[in-house]
Amino acid sequence: MPVAAEVTTLEGDQVRIDVTVPEDEVRKQFDRTVKETSARMRLPGFRPGKVPAGVVIQRVGREGLFAQTIDRALNDWYREALAATGVDPIDSPELDMGDATEQGVAFAVTLKVPPTPALGTYKGLKVVREPDETPEGAVQEELDRIREQGARLEDKDGAAAVGDFVVADIDGTLDGEALEQARSRDQLVELGTDRILPEFTTALDGTKAGDSVQFDVTYPEDAPDEIRGKTVAYSITVQKVQEKVLPEVDDALAETVGFASADEMRTEIEERLAAATAKMAEERYRRRVIDAAVAEAQLEVPPVMVERRVEEILHDTSHQLPQGITLEQYLAMQGQTLDDAREGLRADAELSIRRELVVEAIANAEGITLSDAEIEARVRKDAADAGRDPEELLAALRKAGGWDNLREDLRVEAAVNLIVDSATPISPEEAEQAEAAESGAEEEKPPAKKPAAKKPAEKKEPAAKKEPAAKKKPAAKKPAAKKEPAAKKPAAKKAATSSAKGSGTTAAKKPAAAKKPAAKKKPDAE
């Protein structure tokens, strides 16, 4: 190994890594510096890149070349020390440079590391789990969706209404001049859909074949340039009115979507929705168990970790946007600024970090480890489930350096399974009853009295009343996973847990980016 590293735990969630770089590694890096410098030098009598090492050293100076070596290689040695020790810093390191000669280099870095939670109860938790019941009306909604796919349009004798279609000729003028992009013939218009402007639905509602209507539309500021903020006068002539006719739920409809009969189609829908409902209930339950364990732990998440997680989420989001769309443009379309997005993400980022740190602490407390054989067995199982060649998947995993990441993921998954398997699921009604019972018991409990102060026998002072004890939160009711607001969030959101798989971390844990150590500042001389 190029460097030797020794870790010392300090107070305040800090560690010190003492790094020693041996002579052969220093000389190897020095020779590399000389070679790179030779490649850049242009001297009479020498071809480019062929200046001898002795000439390079003479021209530049050994001391200068050694300083360049330290400046270039220090960050690599620091990264190697992190990899060797497994330390995951959460902020920039502080450097304390020791001896640095061609015979060896020594330095130390002081690092802030993630805090270790003080775990509370994490086994035997009572957590709400909803019943695995398919939502009422879900089967009918799926059947209606299939009917929509087989719908047909038929001519209607009466007036058009919301939900109907009209076939119409449309003309538009702007400042009295015909607007080509507002002109169409035999245009099919569905009344009431959000795909057309509401003014069209209002004007065409109640019309019949042969009717003509005129109306104006004033376009908003986000419309195309030629009509932005302007009023277009429309004239529409209705050719015919059509209504949508949905097919019956019968064998003929079932055959159009690949089923032998309507009964088979309904049965498949019921089974599929039941499986999806059960899976969602299991995911919510697992997340609630994790959050219940998190609520029992004591942990202060450093702001720097929250900010780093927020930036990771925004970075991931920006790389998932369509080409040519910047993150700022995407957020602007949602009525947000970058600062708005950061502020909106902080609470969920902190919660995700809490989950990860608590579950990892549980894995450490339980001494959960995985052997290479266990990891390989899991990879082979996953490969079989995915229909992939296990040898190919194993080779790809090792080549990508993902073996240790997978080991950590599976270790955390085992910790999640441990706390979930030990938890007791209770119904929402049981949780409410337990809460009401505990609340009632607290209210009926008489206030404790202090012993009366000694007074002459003929007269006693009343005892001072003790303040009622603070109510405890019922054990049956644990905090559910925080829901993300539907609006004002970037699309890509980093999850703290993968409850479907039982993992307490994201699929592949990213190592913190190693920043170049900053030299420790020396106090000014008095």
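Treat the numbers as computed from the prediction; the structure is a model and nothing was measured. (Residues numbered from 1 in each chain as written. Predicted model: local features only at pLDDT ≥ 70, side-chain atom pairs only at ≥ 80, totals over all residues. Heavy atoms only, no water.)

K.L.:
Give a description of a negative patch on the surface that names residues and reports values.
P.N.:
Negative charge collects at one region of the surface, where Glu-248, Asp-250, Asp-251, Glu-255 and Asp-263 lie side by side. Inspection of the secondary structure puts Asp-251 in helix α6 (residues 251-256). Classification of Asp-251 as partly exposed rests on a relative accessible area of 41%. (Patch = residues over 30% accessible without salt bridge, like charges linked within 9 Å, V, L, I, M, F, W, Y side chains within 5 Å. Areas by Shrake-Rupley, 256 points an atom, 1.4 Å probe, with all protein chains shown as cover. Salt bridge = Lys/Arg side-chain N within 4 Å of Asp/Glu carboxyl O. Lys, Arg positive; Asp, Glu negative; His and termini not counted. Charge placed at Lys NZ, Arg CZ, Asp CG, Glu CD. Helix = DSSP H or I, 4+ residues; strand = E, 2+ residues; numbered from the N terminus. Buried < 20%, exposed > 50% of the residue type's maximum accessible area, 1.4 Å probe, protein only.)

K.L.:
Describe unusual backbone geometry, and please don't skip the residues or the numbers.
P.N.:
A negative phi holds for most residues other than glycine; trans holds for most peptide bonds. Located in the positive-phi region is Asp-13, a residue other than glycine, with phi close to 55°. On the basis of relative accessibility, which here comes to 33%, the residue Asp-13 falls in the partly exposed class. Even without being glycine, Asp-186 reaches a positive phi, approximately 50°.

K.L.:
Any chance you could break down the packing of aromatic side chains for me, citing the residues and the numbers?
P.N.:
Counted by the stated rule, this structure contains three aromatic pairs. Each ring, one from Phe-200 and one from Tyr-234, has its centre 5.0 Å from the other, and the planes form 65°; the classification is edge-to-face. Separated by 34 residues along the polypeptide, Phe-200 in helix α5 (residues 198-204) and Tyr-234 in strand β11 (residues 231-245) bring together distant segments of the chain. With a relative accessible area of 9%, Phe-200 lands in the buried category. One aromatic cluster is present, formed by Phe-200, Phe-215 and Tyr-234 through successive ring pairs. Looking at Arg-398, its charged tip hangs above the ring of Trp-403, at a distance of 4.5 Å from the centre. (Phe/Tyr/Trp six-rings, centres within 6.5 Å; stacked < 30°, edge-to-face > 60°. Lys NZ or Arg CZ within 6 Å of the ring centre and 35° of its normal.)

K.L.:
Any details on the pattern of salt bridges? Residues and values, ideally.
P.N.:
Scanning the model with the defined rule gives 43 salt bridges in all. For Arg-355, the salt bridge goes to Asp-291, with nearest N and O atoms at 2.7 Å. Note that Arg-355 is positioned in helix α10 (residues 338-365) and Asp-291 in helix α7 (residues 262-296), a separation of 64 residues in sequence. As far as the burial class goes, Arg-355 and Asp-291 line up, both buried. With its nearest N and O atoms 2.6 Å apart, the salt bridge here joins Arg-346 to Glu-307.

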